[in-house]
Amino acid sequence: MADRIKHQLFFPHPPEQVWEYLTRADLMQLWLMPNDFKPTIGHEFQFKTKPMPQLDFDGIVYCKVLEIAPHHTLSYSWKSGPGNGKIELDSIVTWKLVPKDNGTELLLEHGAFKGFDHLGMFSALDGGWFKNMHKIAELLNVANRETTTL
Amino acid sequence: MKQQPFDVFQVVADPSRREILRLLSKDSLTINSLAEHFDMSRPAVSKHIKILHGAGFISIQDIGRERHCLLKQEGFEKLQEWINYFDHFWQSRLGKLKSLLDNKIKN
């Protein structure tokens, strides 16, 4: 089971140009969401979008700049919840720019979902379910036999 | 029962609940035998089990006098749904970014 999202995209533009679209609030708004981002470590900012009550999302993504290396790396926390400052989704978004001969490779990773951090076990679960189903079926059989013999 | 998608993250954010899932991933267990793995009181363990049950991570079956817990796929699928949601979200936003920058070249 995947525990993070990864995307990779090539741009025929220099890293400086791609970087602008990742770090200038007015340009970010054009493709992402309205925001008050500033390229400073520790800066707290928000993305604002339409609330989705059915998803327990009040429309505000609470973020904080965690890492910033101009034209190379940008990472911020990405948290959201149903409102009143309650956070239920806690994750990290990281951007990396790799300069190429004729452009820039942009790498996005959205991961570190809180709750997923120690869940490497997820991938091992498929077999576990089957085994447990099997076991419970056995137990139920035994229980039924016991009831019928009583 | 109404499920809140974001809640699944809260549910698995708790170390004791993760430990319960880890134990159950090896074998189905009764509530009593699960409680033996923890220092906390049995009611406290029961509370965690109730939360995991409510979020669709485990099912509880009464067999004889014992209550057996076993993993259930539903809760894990919800986590996967959220990963899928963001996957699509970023894909569409990156598409937008790409066309913005492509237009820049043309102009």
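Residues numbered from 1 in each chain as written. Chains lettered and ligands numbered in written order. Predicted model: local features only at pLDDT ≥ 70, side-chain atom pairs only at ≥ 80, totals over all residues. Heavy atoms only, no water.

Novice: I tried to follow the sheet that holds strand S1 (residues 29-30) of chain B on my own but got confused; where do I start?
Specialist: Two pairing modes exist for strands in a sheet, parallel and antiparallel, and in both the strands are linked by backbone hydrogen bonds. Residues and elements named next belong to chain B. Read across the open sheet, the three strands follow the order S1-S3-S2; overall the sheet is antiparallel. Looking at the sheet topology across the chains shown, the edges are occupied by S1 and strand S2 (58-63). In this sheet, strand S3 (residues 66-71) lies alongside S2 in antiparallel orientation, the contact comprising six bridges. Note on S3: the bridge partner recorded for Ser59 is Leu70. Packed onto the sheet, helix H2 (residues 15-26) meets S1, S2 and S3 and runs at close to 90° relative to S3. Sitting on the sheet, helix H4 (residues 42-54) touches S2 and S3, and the angle it makes with S2 is about 115°. (Pairing = 2+ DSSP bridges. Helix = DSSP H or I, 4+ residues; strand = E, 2+ residues; numbered from the N terminus. Contact = heavy atoms within 4.5 Å. Axes fitted to C-alpha atoms, helices over the stretch in contact; angles between N-to-C directions.)

Novice: Help me understand the sheet that holds strand S2 (residues 44-48) of chain A in this model?
Specialist: Residues and elements named next belong to chain A. The strand order S1-S6-S5-S4-S3-S2 describes an open sheet built from six strands, whose pairing is antiparallel. Sheet topology places strand S1 (5-11) and S2 at the edges, where each strand pairs with a single neighbour. Strand-to-strand, the axes of this sheet are offset by a mean angle of 25°, without reference to chain direction. Pairing of strand S4 (residues 73-80) with strand S5 (residues 89-100) involves eight bridges; the strand directions are antiparallel. Bridge pairing in S5 places Ser80 opposite Leu89.

Novice: Looking at this model, I keep getting lost on the pattern of salt bridges. Mind explaining?
Specialist: Working definition: two side chains of opposite charge can pair if their charged atoms are close together. Residue and element names in this part refer to chain A. In this structure the tally under the stated criterion is six salt bridges over all chains. The partner of Arg24 in a salt bridge is Asp26, with the nearest N and O atoms 2.8 Å apart. Take Arg24: its relative accessible area is 35%, and that puts it in the partly exposed class. Take Asp26: its relative accessible area is 42%, and that puts it in the partly exposed class. (Salt bridge = Lys/Arg side-chain N within 4 Å of Asp/Glu carboxyl O. Buried < 20%, exposed > 50% of the residue type's maximum accessible area, 1.4 Å probe, protein only.)

Novice: Would you take a moment to explain the packing of H2 of chain B against H4 of chain B for this structure?
Specialist: The axes of two packed helices give the description: the angle between them and the distance between them. All names here are of chain B. Here H2 crosses H4 at 75°, and the two axes come no closer than 10 Å. Compared by their axis directions, H2 and H4 come out roughly perpendicular. Here Ser16, Arg17, Ile20 and Leu21 of H2 come into contact with H4, specifically with His48, Ile49, Ile51 and Leu52. Looking at side-chain class alone, the contact of H2 with H4 contains five nonpolar, two polar and one charged residues. (Parallel < 35°, antiparallel > 145°, perpendicular 65-115°, else oblique. Nonpolar A, V, L, I, M, F, W, Y, C, P; charged D, E, K, R; others polar.)

Novice: Explanation requested: the confidence of the model for chain A in the structure shown.
Specialist: Interpreting fine coordinate detail is not advised for predicted regions of low pLDDT. Here chain A averages 81 in pLDDT, and 73% of its residues register 70 or above. Below pLDDT 50 for its whole length, residues 120-133 of chain A participates in 26 contacts with residues either more than four positions away or in separate chains. (pLDDT = per-residue confidence, 0-100.)

Novice: Looking at this structure, I do not really get the packing of aromatic side chains. What am I missing?
Specialist: For any pair of aromatic rings, geometry is given as the distance between the ring centres together with the angle between the planes. Under the defined criterion, the tally for this structure stands at 15 aromatic pairs over all chains. Between Phe86 of chain B and Phe89 of chain B, the aromatic rings sit 6.4 Å apart at their centres with planes inclined by 85°, giving edge-to-face as the arrangement. Of this pair, Phe86 of chain B and Phe89 of chain B both sit in helix H5 (residues 73-106), three residues apart, roughly one helical turn. Ring plane angle 80° and centroid distance 5.0 Å describe the contact between Phe89 of chain B and Trp90 of chain B, whose orientation is recorded as edge-to-face. With respect to class, Phe89 of chain B is no different from Trp90 of chain B; both count as buried. Through a chain of ring-to-ring contacts, three or more aromatic side chains come together here, namely Trp31, Phe37, Phe45, Phe47, Tyr76, Trp78, Trp95 and Phe113 of chain A together with Tyr85, Phe86, Phe89 and Trp90 of chain B. The ring of Phe11 of chain A carries the charged tip of Lys98 of chain B above its face, separated from the ring centre by 5.0 Å. (Phe/Tyr/Trp six-rings, centres within 6.5 Å; stacked < 30°, edge-to-face > 60°. Lys NZ or Arg CZ within 6 Å of the ring centre and 35° of its normal.)

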